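# An overview of the molecular structure
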Amino acid sequence: MPDSMSEQLRQDMECEGLLECFHGLKELDKTCYRALVEVEEPLTVDEIADAVDRERSTAYRAVQRLLQTGFIEKDQINYDQGGYYHVYSPTDSSKIAADMQRLLNDWYAKMGQLIQEFETKYEQSETAVPAAES
């Protein structure tokens, strides 16, 4: 494999690792997301299921996880004679990136707080314990 292709593959894996790390997405969720990005048009759950070669109910669960995490959006299409159906499309990547940045900032702030609590707790413990005599 040429260096540029292996580098692209590595970057793709790292990006997908981010999706897994930040949102707990499963392999099927990522596959459904890629299917939506590749076609560049909204799809129904049935079309997504066909694209990823899974049962409709399985694809539906993945679509629901993608909706909950904000990776895709749902639109309603109304029939002229009444009734409707839903189609799904990927959320703008800049919005997803901004959401992940916000999650990272929140995590960073929380870790900083926990580190400070650790330091405070054990700093007090060290001053409370008498030094060992020689």
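See above for the structure.
Right, let's walk through the structure included here. Everything numeric in this text was worked out from a predicted model, so none of it was measured.

### Regarding the overall build of the chain
A tally of regular secondary structure across the chain gives 5 helices and 2 strands. Along the chain, helices (α) and strands (β) appear in the sequence α-α-α-α-β-β-α when read from the amino end. Within the span of the chain, comprising 134 residues, buried residues form 22% of the whole. Intrachain contacts of the chain at a sequence separation of at least 6 include 47% that bridge at least 24 residues. Within the structure as shown, the chain displays about 10,000 Å² of accessible surface, and the carbon and sulfur contribution to it stands at 52%.

### What to know about the pairing of strand β2 (residues 84-90)
Pairing analysis gives 7 bridges linking strand β1 (residues 72-78) to β2, with the strands arranged antiparallel. Bridged to N78 within β2 is Y84. Where β1 folds back onto β2 in an antiparallel hairpin, the turn is made up of 5 residues, including G82, whose phi is positive at roughly 110°.

### Digging into the nonpolar core
Among the nonpolar cores identified, the biggest contains 20 residues, and C32, I48, L66, I72 and Y88 are the most heavily contacted of them. Counting residues per element, the ones that place at least two in this core are α2 (27-39), α3 (45-52), α4 (56-69) and α5 (93-128). When residues in this core are grouped by element, the largest group, 5 residues, is from α2.

### Topic: the packing of α3 against α4
Following both chains from N to C, one finds α3 and α4 inclined at 105°, their axes separated by 9 Å at the closest point. With respect to α4, the element α3 is oriented roughly perpendicular. Between α3 and α4, the contacting residues are V45, D46, I48 and A49 on the first element and R56, A59, Y60 and V63 on the second. Of the residues contributing to the contact of α3 with α4, the split by class is 6 nonpolar, no polar and 2 charged.

### Quick word on the packing of aromatic side chains
Pairs of aromatic rings are described using the distance from one ring centre to the other and the angle between the two planes. Within this structure, the stated rule accounts for 3 aromatic pairs. With a centroid separation of 5.2 Å and 40° between ring planes, the pair formed by Y79 and Y85 is classed as tilted. For Y85, a relative accessible area of 31% corresponds to the partly exposed category. Seen in terms of ring centroids, F118 and Y122 are 4.7 Å apart; in terms of plane orientation they differ by 45°. Their pairing is tilted. One end of the pair is F118 and the other is Y122, both in helix α5 and 4 residues apart, which spans about a single turn.

### Digging into a nonpolar patch on the surface
A cluster of nonpolar side chains, I77, Y79 and Y85, forms an exposed patch at the surface whose accessible area comes to about 260 Å². On the secondary structure map, Y85 appears in strand β2.

### Observations concerning the environment of I48
Position of I48 among the secondary structure elements: in helix α3. Residue I48 is classed as buried on the basis of its relative accessible area of 0%. Setting aside anything within four residues of it in sequence, one finds I48 in contact with C32, L36, L43, V63 and Y88.

### A few points about the packing of α2 against α3
Two elements in contact, α2 and α3, have axes whose closest approach is 10 Å; the angle formed by their N-to-C orientations is 110°. Classed by the angle they form, the pair α2 and α3 counts as roughly perpendicular. Residues L28, T31, C32, A35 and L36 of α2 touch α3, and the partners they reach there are I48, A51 and V52. Considering only residue class, the contact of α2 with α3 consists of 7 nonpolar, 1 polar and no charged.

Procedures and definitions
Residues numbered from 1 in each chain as written. Predicted model: local features only at pLDDT ≥ 70, side-chain atom pairs only at ≥ 80, totals over all residues. Heavy atoms only, no water. Helix = DSSP H or I, 4+ residues; strand = E, 2+ residues; numbered from the N terminus. Buried < 20%, exposed > 50% of the residue type's maximum accessible area, 1.4 Å probe, protein only. Contact = heavy atoms within 4.5 Å. Areas by Shrake-Rupley, 256 points an atom, 1.4 Å probe, with all protein chains shown as cover. Pairing = 2+ DSSP bridges. Core = buried A, V, L, I, M, F, W, Y, C linked by side-chain atoms within 4.5 Å. Axes fitted to C-alpha atoms, helices over the stretch in contact; angles between N-to-C directions. Parallel < 35°, antiparallel > 145°, perpendicular 65-115°, else oblique. Nonpolar A, V, L, I, M, F, W, Y, C, P; charged D, E, K, R; others polar. Phe/Tyr/Trp six-rings, centres within 6.5 Å; stacked < 30°, edge-to-face > 60°. Patch = residues over 30% accessible without salt bridge, like charges linked within 9 Å, V, L, I, M, F, W, Y side chains within 5 Å. Salt bridge = Lys/Arg side-chain N within 4 Å of Asp/Glu carboxyl O.

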